[in-house]
Amino acid sequence: MGDVTEKEMDNLTFKSDTVLSDVHLHCPNKRHLMVRLNAVGQPVFLSYFKLLWNTDDQASKKYARETTVESEHQYRSGDELCDKDGDSLKCERELNTEGIEALLDEDGDLEVVRRPQSASDLEAEDLVRDRVYPVILMKGKETAFEDEEQECTRSDVVKIEHTMATPLEDVGKQVWRAAFLLADYILFKRDVFRSCTVLELGGGTGITSIIMGTVANRVYCTDVGEDLLAMCEQNVALNKHLMEPGGGEIKVKELDWLKDEFCTDPEALYSWSEEEIADLHDHCTVIMAADVFYDDDLTDAFFRMLYRITHNLKHSCTVFLAIEKRLNFTLRHMDVTCEAYSHFRNTLNDLENRQDGKMKYSVEPIKPDFCQFLIYERIEQLELWKIIADQLT
C-alpha cells in the first residue's frame, strides 16, 4: 500500500462480489478512516456515530424535564428531538434539515420524512452511487479523527471499527441499519432495560450491545469467529467510558447457533465459564438480535438456539428482533421477492404457535415511530418485533 497515492486511494471502489453496508451505501461520499488491515486482509475503518442527545448536557436534561410535546411519539421537528418519555429535547444536529418537519397522514400517524437532496446531489447521484472513498492508511490509532475528536464529547459519540465490504459470510463485520433501529429503541426505552442482564445473538461489531451496556447491568455479546469477536472486543474497549457511569459490563463470547452447547473450551479465546453460563440462565431477562435473518438455514438455527436458551432461563424473557426487508429479483420467481424475510416471518409464526407444554411465546410488532438518536435512514423496510417467552408451570 506504500506505493498507492492519496489521489488513487480517493478513487478506489470495492468489487461487486462483496456486500456493502447499508449505512455506507447511503452515504457513499463520506470519508472514513482506514486504521488497519484485519487478520484476513480486509481494510478496517473507524467511524464515529454521534448520538443526537448529549446525555451530559445538563441544560438539555432540564429542558427535557420541563418541556412537553403535542404528540407522545414526536419524531424530528425543526431542531428538537424527543426523549424516552416523549418530552422535547434539544440536541446538536449534524445534518442539514432545512425544510424538514414532522408530517402526519390523514389518520394522524407519523410519516417519516427523508433529508431533501439538493439539485447538485441529484445530478451527481448516478456517478457516485456505488463509490466509497476511504482515507489513506494512518500510522497509528492515536492519530485517528483528531479534528473530529476535539469537537465531540466523550459521552455522545460511539466509536466503531468495522469493514465496509465483505463476502457474505463476513457481513457481521459491517454496520447495518437494523442495528441502529434497535439501538434507538434501547435509548428510547432506557428504563425498561435498566439493570437487566442481556444476551445479544449475532452481535457483529457490537454497536447494539454497546448502546445496551450504557443502561443494562451486564450484556453478553455473542457471535462466532475469532476475527469478528476480536473486532467486537476492540469496539467494547473503545467505548468503555460510555458504560462506566452506569456500571454496565459487556462480555464478548462465542455462541455458534449450529452447535447445541455453549463453548466451554478453556483454550478458546471467547469461551464461557460455568459461572457465566449459570449467570445467564439465572438472571437474563432480555435477548436481542439485529439483522441476522438473511439466510434460511441460519434463521432456522437462530430460532432453535433461541428456544433452547429461553427454555433454560430461570425467568420469563423478552426478545427484541430488528430486521430489514430486502427486495431481490430471483430467476426462480422471475419477480422481486423478500424470500429471507418471508422465511423469517414463517418461522416466527411457527414459534408463536409452538405447543409443547413447556414454553409459551407471544409475538407482536413494535411500530418504529419512536425517536431517532442515531443518524441513519430509517426506511420503511425496517421492522422491530417483540417476543414474550414465558415458561409454563
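The rules behind each value
Residues numbered from 1 in each chain as written. Predicted model: local features only at pLDDT ≥ 70, side-chain atom pairs only at ≥ 80, totals over all residues. Heavy atoms only, no water. Helix = DSSP H or I, 4+ residues; strand = E, 2+ residues; numbered from the N terminus. Buried < 20%, exposed > 50% of the residue type's maximum accessible area, 1.4 Å probe, protein only. Areas by Shrake-Rupley, 256 points an atom, 1.4 Å probe, with all protein chains shown as cover. Disulfide = S-S within 2.5 Å. Expected span 1.5 Å × (residues − 1). Contact = heavy atoms within 4.5 Å. Polar contact = N/O pair within 3.5 Å; in protein donor to acceptor, adjacent residues only side chain to side chain. Phe/Tyr/Trp six-rings, centres within 6.5 Å; stacked < 30°, edge-to-face > 60°. Pairing = 2+ DSSP bridges. Axes fitted to C-alpha atoms, helices over the stretch in contact; angles between N-to-C directions. Core = buried A, V, L, I, M, F, W, Y, C linked by side-chain atoms within 4.5 Å. 1 Å grid on protein atoms, 1.4 Å probe; cavity = no way out; pocket = protein on both sides within 12 Å on 5 of 7 lines; lining within 4 Å. Points joined across faces, edges and corners; volume = space filled by probe spheres on them. Nonpolar A, V, L, I, M, F, W, Y, C, P; charged D, E, K, R; others polar. pLDDT = per-residue confidence, 0-100.

**Structural notes on the overall build of the chain**
Scanning the chain for helices and strands turns up 13 helices and 20 strands. When burial is assessed residue by residue, the chain has 49% of its 393 residues classed as buried. Total accessible area on the chain is roughly 20200 Å²; 47% of this is exposed by carbon and sulfur atoms.

**Details of unusual backbone geometry**
A positive phi is found at Ser-195, a non-glycine position, where the angle reads about 70 degrees. Turning to its location among the elements, Ser-195 is positioned in the loop between helix H7 (190-193) and strand S12 (197-201).

**Describing the state of the cysteines**
Here the structure, examined in full by the defined rule, presents zero disulfides. Cysteine Cys-317 remains unbridged, with the sulfur of Cys-284 as its closest cysteine sulfur at 4.8 Å. Residue class for Cys-317 comes out buried when judged on its relative accessible area of 1%.

**Focus on helix H12 (residues 296-312)**
An ideal rise of 1.5 Å per residue puts 24 Å on 17 residues; H12 measures up with 25 Å between its terminal C-alpha atoms. Taken residue by residue, H12 has Thr-299, Ala-301, Phe-302, Phe-303, Met-305, Leu-306, Tyr-307, Ile-309 and Thr-310 as its buried positions. Among the structural elements, S12, strand S15 (284-290), strand S16 (317-324), helix H13 (339-352), strand S19 (359-366) and strand S20 (382-391) are those in contact with the buried residues of H12. Its side-chain oxygen 3.1 Å from the backbone nitrogen of Asp-297, Asp-295 forms the N-cap of H12.

**Considerations on the packing of aromatic side chains**
Taken as a whole and assessed by the stated rule, the structure comprises 17 aromatic pairs. Relative to Phe-370, the ring of Phe-188 has its centre 6.0 Å away and its plane inclined at 25 degrees; by these criteria the two rings are stacked. Note that Phe-188 is positioned in helix H6 (residues 177-188) and Phe-370 in the loop between S19 and S20, a separation of 182 residues in sequence. Each member of the pair, Phe-188 together with Phe-370, is buried. Summarising the aromatic geometry, the rings of Tyr-220 and Trp-272 are spaced 5.2 Å apart at their centres and angled 25 degrees between planes, so their arrangement reads as stacked. Of the two residues, Tyr-220 is situated in strand S13 (residues 218-223) and Trp-272 in the loop between strand S14 (249-254) and helix H11 (274-283); the sequence distance between them amounts to 52 residues.

**Some words on the sheet that holds S16**
The seven strands are arranged S14-S13-S12-S15-S16-S20-S19 in an open sheet whose pairing can be described as mixed. Either end of the sheet is taken by a strand with one partner, and the two such strands are S14 and S19. With strand direction ignored, the average angle separating the axes of adjacent strands in the sheet is 20 degrees. One ladder, built from eight bridges, connects S19 with S20; its direction is antiparallel. Within the sheet, the bridge partner assigned to Pro-365 lies in S20 and is Trp-385. With respect to the sheet, H13 is in contact with S16, S19 and S20, its orientation differing from that of S20 by roughly 20 degrees.

**Observations concerning the nonpolar core**
Grouped together as the largest cluster of nonpolar side chains are 49 residues, with contacts concentrated most on Phe-49, Val-158 and Met-212. Among the elements that make up this core, the one with the highest residue count is H6 (ten residues). Once you skip the residues sitting within four places of it in the chain, Val-158 turns out to touch Ser-47, Tyr-48, Phe-49, Leu-51, Ile-207, Ile-210, Ile-211, Asn-239 and Leu-242. Among the nonpolar cores identified, the runner-up in size contains 37 residues, and Trp-272, Tyr-341, Val-363 and Ile-387 belong to it.

**As for the layout of surface pockets**
In this structure, the second largest pocket encloses a volume near 1000 Å³. Lining the second largest pocket are 49 residues; nearest its centre among them are Leu-168, Val-171, Asp-291, Val-292 and Tyr-294. When contributions to the lining of the second largest pocket are tallied by element, the ones reaching two or more residues are strand S1 (19-20), helix H2 (22-26), helix H8 (207-213), helix H9 (226-238), H12, strand S17 (328-330) and H13. When the residues that make up the lining of the second largest pocket are grouped by side-chain class, the tally is 22 nonpolar, eleven polar and 16 charged.

**Some thoughts on the confidence of the model for the chain**
With 67% of its residues at a pLDDT of at least 70, the chain reaches an overall mean of 77. Contacts of residues 7-14 to residues separated by more than four positions or lying in other chains number 20 contacts, the stretch itself having pLDDT below 50. Counting contacts from residues 88-102, a segment whose pLDDT is below 50, to residues more than four positions away or on other chains yields 49 contacts.

**Focus on the side chain of Ser-271**
Tracing the backbone shows Ser-271 in the loop between S14 and H11. Looking at Ser-271, its side chain comes within polar contact range of the main-chain oxygen of Asp-265, at 2.9 Å. A distance of 3.4 Å separates a polar atom in the side chain of Ser-271 from the backbone oxygen of Ala-268. Look past the residues within four positions of Ser-271 in its chain and what remains in contact with it is Lys-253, Cys-263, Thr-264, Asp-265, Pro-266 and Glu-276.

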